[in-house]
Amino acid sequence: MDLKTFMKDKGYSDGEINSILSSYALKSTKESVLAVRIVRQFELFNSLGYTDEEFITMSKKSSALLNFGEKYIVEKLAYLKSKGYKSNEIKEITLDCPQVFNLSQSNLEKHLRHFEEIGYTEPQTLRMAYKNPTLFVLGGKNIDEKIKHFLEQGYSKEDAIKITRQSPSIFNQKVTNIEKTEDFLRQMNYSEVEVKKIIKSMPEIYSFSTDTLKRKYEQLLQFGYKPQTASKMFATLPQLFALTEENIKRKIEFMKESGYSSTQILGMTRVLPHIFSYSEDNMRDKMNYFEDRGYSREEVIHMTKELPALYCYTKDNIERKISFLEEIGLGQVPLDSPKQLMQSVDLTYARYQYFKSRDINIDESNYRRLFINEKQFQRDYKVGKTELLKVFNYERDMASEGMKNS
Amino acid sequence: MIEMMILLGLSNKEIKEVTRINRLILEEEELRNIDILKVFGCKDEEVKNIIVSNPYYLTRSFEDIVELLKYFINTLKIESLNYMLDSNPLLLSREKEEIEFYVNKCLSEGLKIDEVSNIIESNPFVLEEM
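Here is what the cut-offs are and how they apply
Residues numbered from 1 in each chain as written. Chains lettered and ligands numbered in written order. Predicted model: local features only at pLDDT ≥ 70, side-chain atom pairs only at ≥ 80, totals over all residues. Heavy atoms only, no water. Helix = DSSP H or I, 4+ residues; strand = E, 2+ residues; numbered from the N terminus. Buried < 20%, exposed > 50% of the residue type's maximum accessible area, 1.4 Å probe, protein only. Contact = heavy atoms within 4.5 Å. Areas by Shrake-Rupley, 256 points an atom, 1.4 Å probe, with all protein chains shown as cover. Lys, Arg positive; Asp, Glu negative; His and termini not counted. Charge placed at Lys NZ, Arg CZ, Asp CG, Glu CD. Salt bridge = Lys/Arg side-chain N within 4 Å of Asp/Glu carboxyl O. pLDDT = per-residue confidence, 0-100. Patch = residues over 30% accessible without salt bridge, like charges linked within 9 Å, V, L, I, M, F, W, Y side chains within 5 Å. Axes fitted to C-alpha atoms, helices over the stretch in contact; angles between N-to-C directions. Parallel < 35°, antiparallel > 145°, perpendicular 65-115°, else oblique. Left-handed = near helix turned anticlockwise from the far one by under 90°. Nonpolar A, V, L, I, M, F, W, Y, C, P; charged D, E, K, R; others polar. Phe/Tyr/Trp six-rings, centres within 6.5 Å; stacked < 30°, edge-to-face > 60°. Disulfide = S-S within 2.5 Å. Buried area = accessible area lost by both parts, 1.4 Å probe.

Colleague: When you look at the overall build of chain B in this model, what are you seeing that I'm missing?
Modeller: Broken down by element type, chain B carries nine helices and zero strands. N-terminal to C-terminal, the α/β element order of chain B is α-α-α-α-α-α-α-α-α. Projected onto its principal axes, the C-alpha positions of chain B cover 50 × 25 × 25 Å. Per-residue burial for chain B yields a buried fraction of 61% across its 130 residues. Long-range pairs, those at least 24 residues apart, make up 69% of the contacts in chain B between residues at least 6 apart in sequence. About 5,400 Å² of surface is accessible on chain B, with carbon and sulfur atoms providing 54% of the total. A gap of 2 Å separates the mean positions of the 15 positive and 26 negative side-chain charges of chain B.

Encoded structure:
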């Protein structure tokens, strides 16, 4: 069978065959020699765990792959293994960037070392190269250019390293594209502090086109947020840019099905856009927790509407606060004034014990004394929380209480 | 990082949710962001609450965190910082300059620094509610 027929049978198109055989890497090799090599190469890569389809894809990206000797290929794979990559990771790296085979080991090493010279640690470099294997072949100039850009924008070297480490595809972008994203954020009227916050919190933002970013902002407006609110939400939680319209829509639907009105949803997510990142399971769990504790769905809605952070606190955290309030006869506080659940149980306990030590009874009529701000508390009672927390220590007292009971 | 989360008492479900929200946590080897909370007085259960509430905190720049915490302590003179962070773990995603901007705005309206500090401490969600 001649070479072209063999390649066609394997799945290459006529155009691909012509393009591969006339490529710089292969055109000087005699067709008869090449025919033997290519057949052998398929066998070799099959034996290394690649399917025909995978090898074809790789060879289309890098035709030189069809011409390398077995020893050379095996050595390159051994090099990647020596760097600590697992077999499946090596396969992913080479599938994504078969050009890795084109470079000598010393060149690959040089490219990786360049990152370490900038300040990345070796594990960070290897992780980045796994996420973006083109880093194995990108020249130092390209890398330096991106780092320089961030330094010129006022980021520290640590920031530049962190940003690119979290989103190494930045190295594949042109500086002009990077600037386009930054300019877009400025045009959205974000201050320089906010632009930097958004970029540091979500470096993946560079992988979105400005049209996509604009669409994401407009989607929030369509959901009913005012322009200023939508902007603020992205500044508070830049990771919102990564959520799809479907994600947000589903969360809003879920909350509506759970009993929240549209106005309540807008109000809660305005203050706490993080709700969009929590899973429905997580929110359902929290609702079930409150309902298992005896609150009705309407009460759960009332409490979480007043203090949306109830969806972010751990159940243990909320449980400690509610149990203690119940223990001292103030079980109605979470419903009367859910915001009081913000306050640490340690402080509530210390203040309660303080009043108790002064024979002041705390009940439904005066419980707000437990929650007044520190300045007012100091003014009214001439004692601050630091002293109170030392004397009335919730954890210590609970532990000794537990010991007594056991 | 996963081992540390287990040590802090996060359940499997919580770890799954936290890493789903911020998958970069799986790549984070440094534990400095957790250690610094302990240095500033947070107990394990408070650290746990912070991580579960704000999974993005774990991959935030350490230098920015230190700057923010120092601002709370040195400029705002917040006592028992752990209670404020436990009340609003999302504060840890704020830039120091964002807090500073709010503080300066209050100062320009005639409030004194200890009054502003008191506002933030008694309602750590004040910036979110603005």
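Colleague: What am I meant to see in the pattern of salt bridges here?
Modeller: All chains considered together, the criterion is met by 41 salt bridges over all chains. Arg293(A) is paired through a salt bridge with Glu326(A); the nearest N and O atoms lie 2.8 Å apart. In this pair, Arg293(A) sits in the loop between α17 (280–292) and α18 (297–306) while Glu326(A) sits in helix α19 (residues 315–327), placing the two residues 33 residues apart along the sequence. Arg293(A) sits in the partly exposed class, given a relative accessible area of 22%. Asp346(A) is paired through a salt bridge with Lys43(B); the nearest N and O atoms lie 2.2 Å apart. One end of the pair, Asp346(A), is in helix α21 (residues 345–357); the other, Lys43(B), is in the loop between α3 (32–39) and α4 (44–53), on a second chain. Counted as one network, the salt bridges with shared partners bring together Asp159(A), Lys200(A), Arg60(B), Asp64(B) and Glu95(B).

Colleague: Please explain the confidence of the model for chain B as it appears in this structure.
Modeller: Low pLDDT marks stretches whose predicted atomic positions should not be read closely. Here chain B averages 91 in pLDDT, and 100% of its residues register 70 or above. Predicted complex metrics record ipTM = 0.89 and pTM = 0.86.

Colleague: Looking at this model, I keep getting lost on a nonpolar patch on the surface. Mind explaining?
Modeller: Residue and element names in this part refer to chain B. Taken together, the side chains of Ile2, Ile6 and Leu26 present a nonpolar region at the surface, about 270 Å² in accessible area. Mapped onto the secondary structure, leucine 26 falls in the loop between α2 (12–21) and α3. In this structure leucine 26 comes out as exposed when scored by relative accessible area, which is 56%.

Colleague: Whenever I open this one, the packing of helix α9 (residues 140–152) of chain A against helix α11 (residues 175–187) of chain A confuses me. Can you help?
Modeller: What describes two packed helices is the angle between their axes and the distance between those same axes. All names here are of chain A. In contact at an axis separation of 10 Å, α9 and α11 are set at 30° when each is read in the N-to-C sense. One finds that α9 runs roughly parallel with respect to α11. Considering only the axes of α9 and α11, their crossing is right-handed. Within the contact between the two elements, α9 uses Glu145, Lys146, His149 and Phe150 and α11 uses Val175, Ile178, Glu179 and Glu182. Split by residue class, the contact of α9 with α11 holds three nonpolar, one polar and four charged.

Colleague: Where do I start with the packing of aromatic side chains in this structure?
Modeller: Aromatic ring pairs are reported here in terms of the distance separating the ring centres and the angle at which the planes meet. All names here are of chain A. The tally for this structure, following the rule as stated, stands at 26 aromatic pairs over all chains. Arranged with centres 5.8 Å apart and planes meeting at 85°, the rings of phenylalanine 45 and phenylalanine 101 form a pair that is edge-to-face. On the criterion of sequence distance, the pair formed by phenylalanine 45 in helix α3 (residues 31–47) and phenylalanine 101 in the loop between α6 (87–96) and α7 (105–118) is long-range, its members being 56 residues apart. Judged by relative accessible area, which is 0%, phenylalanine 45 ranks as buried. Among the residues examined, phenylalanine 101 registers a relative accessible area of 0% and is labelled buried. Summarising the aromatic geometry, the rings of phenylalanine 150 and tyrosine 155 are spaced 5.6 Å apart at their centres and angled 85° between planes, so their arrangement reads as edge-to-face.

Colleague: Explain the state of the cysteines to me, please; I cannot follow it from the model alone.
Modeller: Linking two cysteines covalently via their sulfur atoms produces the bond known as a disulfide. Across all of its chains, the model carries zero disulfides over all chains by this definition. No disulfide involves Cys312(A); its sulfur sits 15 Å from the nearest other cysteine sulfur, which is in Cys42(B).

Colleague: What's the story with unusual backbone geometry in this structure? I'm lost.
Modeller: One can expect most non-glycine residues to show negative phi and most peptide bonds to be in trans. Residues and elements named next belong to chain A. The backbone of asparagine 189 shows a phi angle near 70°, a positive value even though the residue is not glycine. Position of asparagine 189 among the secondary structure elements: in the loop between α11 and α12 (192–201). Notably, lysine 382 is not glycine yet its phi reads approximately 55°, a positive angle. Examined against the element boundaries, lysine 382 turns out to sit in the loop between α22 (374–381) and α23 (385–391).

Colleague: Please explain the interface of chain A and chain B as it appears in this structure.
Modeller: Interfaces are often sized by the amount of accessible area the parts lose when they come together. The partner chain B presents 46 residues to the 45 residues of chain A that form the contact. Overall, the association of chain A and chain B removes approximately 4,100 Å² of surface from exposure, summing both partners, and the carbon and sulfur fraction of that is 46%. On inspection of chain A and its partner chain B, the count reaches 13 salt bridges. Salt-bridge contacts for Glu27(B) lead to Arg127(A); the nearest nitrogen and oxygen are separated by 3.9 Å. Sorting elements by how many residues they give to the side of chain A that touches chain B places helix α10 (residues 157–166) of chain A first, with five residues.

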